[in-house]
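Structural description and commentary
Each chain is listed here by its residues.
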Amino acid sequence: MSPFQCLARGRGLRDLSGDGGVRKEELRPGSGQAVPPAASVAVKYTGYLEHWDEPFCTNCYSKSPGLMKLGKDITLGGLEIGLLTMKKGEVARFVFTPDYAYGRQGCPPLIPPNATVMFEVEVLDFLDSDESDAFFELTAEQQDTFPLQKVLKVADTEREFGNYLYRKRHFEGAKDRYKRAFSILGRSPSSEAEQCQMDASKLLVLLNLSLTYLKLERPAQALAYGEKALKIDQRNAKALFRCGQACLCMTEYEKARDFLVRAQHIQPFNHDINNELKKLA
């Protein structure tokens, strides 16, 4: 039975567009909030034409689909409407009439004119990047007028992007996101409380940068960012560990031992720290 035949037998399709142009069948519920407008979304999708058993497009063979920004990277109007109704982990099936898909002309030679198409979609993850994207479109002078809490939120969003890319082993992209977050954390604080908030945000980003540069096999930069983290918190075991790892990579064994011993004093039962020290025995 073709996917279109399965859909024809289905019941309870929701009309999302009000004119029957975008209809949805939920196959597996998701959790949390729905995808917000202007979010960046990671999805798996497969598109079918009515009389074809095989899909005309799919990214399901990709191990880690990239993030696509709504309103920019997704060109099918019906798919954008559908994604805004979905939650993380949800799987749904959509039918798009030509006006919400490839139009009257189609997309020759693959998509015929006036084609109704069906998409099966799974939302893997999404990040609400609207406020962050808008912030980085401003001039430096305009950015300086933003309240600190909004700046910290933007930095945290950029760090989340970096974390997502890091988990997907896209280390160059992760590094760029972390550096973008760090770039907006240099404003002068107006109070000691603001300084503490900024230092806490900076510390997380610096630790991320140090680790990412180790993954990129650039230990000198990993050491530099680790040492910046230590200026904020000289007893931070992660920062000491990263610095020790970087020095090991650069065959600076005495410096490596010093960093790792200091880390061990703070976390004496940490297996990773102890294992690195064994390399120096």
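Residues numbered from 1 in each chain as written. Predicted model: local features only at pLDDT ≥ 70, side-chain atom pairs only at ≥ 80, totals over all residues. Heavy atoms only, no water.

Moving on, we come to the overall build of the chain. Summing up its helical and strand segments, the chain has eleven helices and nine strands in all. Over its C-alpha trace the chain gives a radius of gyration of 24 Å, far above what one expects of a compact globule, namely 19 Å for 281 residues. When burial is assessed residue by residue, the chain has 44% of its 281 residues classed as buried. When the accessible surface of the chain is split by element, carbon and sulfur atoms take 49% of a total near 15,100 Å². (Helix = DSSP H or I, 4+ residues; strand = E, 2+ residues; numbered from the N terminus. Rg over C-alpha atoms; globule rule 2.2 N^0.38 Å. Buried < 20%, exposed > 50% of the residue type's maximum accessible area, 1.4 Å probe, protein only. Areas by Shrake-Rupley, 256 points an atom, 1.4 Å probe, with all protein chains shown as cover.)

Attention now goes to unusual backbone geometry. That bond from Pro108 to Pro109 is cis: its omega, 0 degrees, falls within 30 degrees of zero. In this fold, Pro109 is placed in the loop between β8 (91-96) and β9 (117-127). In this structure, Arg169 takes a positive phi of about 65 degrees despite not being glycine. Inspection of the secondary structure puts Arg169 in the loop between α5 (148-167) and α6 (171-183). A relative accessible area of 57% places Arg169 in the exposed class. The backbone of Thr251 sits at a positive phi, close to 55 degrees, despite the residue not being glycine. By the secondary structure assignment, Thr251 is in the loop between α9 (237-249) and α10 (253-266).

Taking 1.5 Å per residue, 14 residues should reach 20 Å; helix α8 (residues 219-232) reaches 20 Å between its end C-alpha atoms and fits that length. Every buried residue of α8 is listed here: Pro219, Ala222, Leu223, Tyr225, Gly226, Ala229 and Leu230. Packed against the buried residues of α8 are α6, α7 (192-215), α9 and α10. (Expected span 1.5 Å × (residues − 1). Contact = heavy atoms within 4.5 Å.)

Let's shift gears to the confidence of the model for the chain. Residues of the chain with pLDDT of at least 70 account for 96%, and the chain-wide mean is 92. Taken element by element, the chain is modelled with least confidence in helix α1 (residues 3-9), mean pLDDT 59, and with most confidence in α8, mean pLDDT 98. (pLDDT = per-residue confidence, 0-100.)

Turning next to the packing of α6 against α7. Where α6 meets α7, the axes come as close as 9 Å, and the angle between the chain directions of the two elements is 155 degrees. In this view, α6 runs roughly antiparallel relative to α7, as classed from their interaxial angle. The two elements α6 and α7 cross, and the hand of that crossing is left-handed. Here Phe171, Ala174, Lys175, Tyr178, Lys179, Ala181 and Phe182 of α6 lie close against α7, whose contacting residues are Lys202, Val205, Leu206, Asn208, Leu209, Thr212, Tyr213 and Lys215. Looking at the contact of α6 with α7 residue by residue, the classes come out as nine nonpolar, two polar and four charged. (Axes fitted to C-alpha atoms, helices over the stretch in contact; angles between N-to-C directions. Parallel < 35°, antiparallel > 145°, perpendicular 65-115°, else oblique. Left-handed = near helix turned anticlockwise from the far one by under 90°. Nonpolar A, V, L, I, M, F, W, Y, C, P; charged D, E, K, R; others polar.)

Let us look at the packing of aromatic side chains. Inspection of the entire model under this criterion finds nine aromatic pairs. Between Tyr45 and Phe119, the ring centres sit 6.4 Å apart and the planes meet at 45 degrees, which makes this aromatic pair tilted. One end of the pair, Tyr45, is in strand β4 (residues 40-49); the other, Phe119, is in strand β9, and 74 residues separate them in sequence. On the basis of relative accessible area, Phe119 is assigned to the buried category, the value being 3%. Aromatic side chains Tyr213 and Tyr225 sit 5.6 Å apart centroid to centroid with 5 degrees between the ring planes, which places their arrangement in the stacked category. Here Tyr225 lies in helix α8 and Tyr213 lies in helix α7, a separation of twelve residues in the sequence. Tyr225 matches Tyr213 in its accessibility class, with the two residues each being buried. In this structure an aromatic cluster arises from ring pairing among Tyr45, Phe56, Phe94, Phe96, Tyr102 and Phe119. In this structure, Arg177 is placed above the aromatic ring of Phe161, and the distance from its NZ or CZ to the ring centre is 4.0 Å. Lying over the aromatic face of Phe136, Arg180 brings its terminal NZ or CZ to 3.9 Å of the ring centre. (Phe/Tyr/Trp six-rings, centres within 6.5 Å; stacked < 30°, edge-to-face > 60°. Lys NZ or Arg CZ within 6 Å of the ring centre and 35° of its normal.)

Packing of α8 against α9 brings their axes to within 8 Å, and their N-to-C directions diverge by 155 degrees. Accordingly, the angle class assigned to the pair α8 and α9 is roughly antiparallel. Note on packing geometry: the crossing formed by α8 with α9 is left-handed. Counted together, Pro219, Ala222, Leu223, Gly226, Glu227, Ala229 and Leu230 of α8 and Ala239, Leu240, Cys243, Ala246, Cys247 and Cys249 of α9 form the full contact between these two elements. A per-class count over the contact of α8 with α9 returns eleven nonpolar, one polar and one charged.

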